[in-house]
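Geometric and topological summary
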Amino acid sequence: MKNNRTKLRVRYGETDQMGVVYYGAYAEYLEQGRTEWLRALGFSYKWMEANNILLPVTELHINYKLPARYDDIITITTKLKKEPTVKIEFDYEIHNEENELLITASTTLVFVDAESRKLRKAPDYLLQKLTSS
């Protein structure tokens, strides 16, 4: 399935007094990974929302291995688990510059019609892009 890598520098505000990344910041890193994964396919959350699709997170699992620290450059690897249906599932790994594995994670999001607020199938344009590239 489709993979994407995103590099980020850890900002001071994402850390505690010891310079260690606050555990909740990882959810935002994963969101950035998903956003860039989608952008690499030619879409954005903004564009999808303008086209009546919302993507709320319904599950988040993180397994912490080692801490990221202030000013580290981290690499978020985002991998699509399987073809989307009414949900889309991702696996992630975050590594530091020394290629040490910091976390593994997974998320599940669902496709929601913005007007009706009901679940819907993955949009055809996304499925077509996944099978053509």
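Just above, that's the structure.
As a starting point, this report considers the structure included with it. Computed from a predicted model, the values in this text were never measured in an experiment. In every chain, residue numbers begin from 1 and rise along the written sequence. Predicted model: local features are reported for residues with pLDDT of at least 70 only, side-chain atom pairs are reported and counted for 80 or more only, and whole-chain, interface and lining totals are derived from all residues. Hydrogens and water are ignored here; the side-chain numbers use all heavy atoms of the structure.

Labels follow the DSSP assignment, with helices taken as runs of H or I lasting at least four residues and strands as runs of E lasting at least two, numbered in each case from the N terminus. Take Asp 113: it is sitting in strand β7 (residues 112-113). Although buried, Asp 113 forms no salt bridge, and the nearest oppositely charged side chain, Arg 120, lies 5.0 Å from it. Reaching out from Asp 113, the side chain makes a polar contact with the backbone nitrogen of Glu 115 at a distance of 2.9 Å. Type-normalised accessible area, obtained with a 1.4 Å probe on protein chains alone, sets the label of each residue: buried when under 20%, exposed when over 50%, and partly exposed for intermediate values. Under the convention used here, Asp and Glu are negative, Lys and Arg are positive, and both His and the chain ends fall outside the count. We define a salt bridge as a side-chain nitrogen of Lys or Arg found within 4 Å of a carboxyl oxygen belonging to Asp or Glu. Under the rule applied, a polar contact is a pair of N or O atoms within 3.5 Å (in protein, one hydrogen donor and one hydrogen acceptor; residues adjacent in sequence only if both atoms are side-chain atoms).

Core analysis: the biggest nonpolar cluster contains 30 residues, and Tyr 29, Trp 37, Leu 55, Ile 88, Ile 94, Phe 111 and Leu 126 have the highest contact counts within it. Of all the secondary-structure elements, those providing two or more residues to this core are α1 (25-40), α2 (45-50), β4 (73-80), β5 (87-95), β6 (101-110) and α3 (124-132). Considering each element in turn, this core owes the most residues, six residues, to α1. Residue contacts are defined here by distance: any two heavy atoms, one from each residue, within 4.5 Å place the two residues in contact. Here Ile 94 is in contact with Tyr 26, Tyr 29, Leu 30, Ile 74, Thr 75, Ile 76, Glu 100, Leu 101, Leu 102 and Ile 103, once residues within four sequence places are set aside. Remark: nonpolar core denotes a set of buried residues (Ala, Val, Leu, Ile, Met, Phe, Trp, Tyr, Cys) joined through side-chain atoms within 4.5 Å.

Two rings from Phe, Tyr or Trp (for Trp, the six-membered ring) form a pair when their centres sit within 6.5 Å of each other. Planes less than 30 degrees apart are called stacked, planes more than 60 degrees apart edge-to-face, and all others tilted. Inspection of every chain in the model, using the stated rule, returns nine aromatic pairs. Ring geometry for Tyr 12 and Tyr 70: centres 5.5 Å apart, planes at 90°, overall edge-to-face. Linking Tyr 12 in the loop between β1 (3-9) and α1 with Tyr 70 in the loop between β3 (57-64) and β4, this pair joins segments that are 58 residues apart in sequence. In this structure Tyr 12 comes out as exposed when scored by relative accessible area, which is 61%. Under the relative-accessibility criterion, Tyr 70 is labelled partly exposed at 43%.

Here we take up the sheet that holds β6. For two strands to pair, DSSP has to find at least two bridges joining them. In spatial order, the strands read β1-β4-β5-β6-β3; together these five strands make up an open sheet with antiparallel pairing. Where the open sheet ends on each side, the last strands, each with one partner, are β1 and β3. For this sheet, the mean inter-axis angle between neighbouring strands, taken without regard to orientation, is 20°. Where β4 meets β5, six bridges bridge the pair, whose relative direction is antiparallel. Here the axes come from fitting lines to C-alpha atoms, over the contacting stretch only for helices, and the angles between their N-to-C directions go from 0 to 180 degrees.

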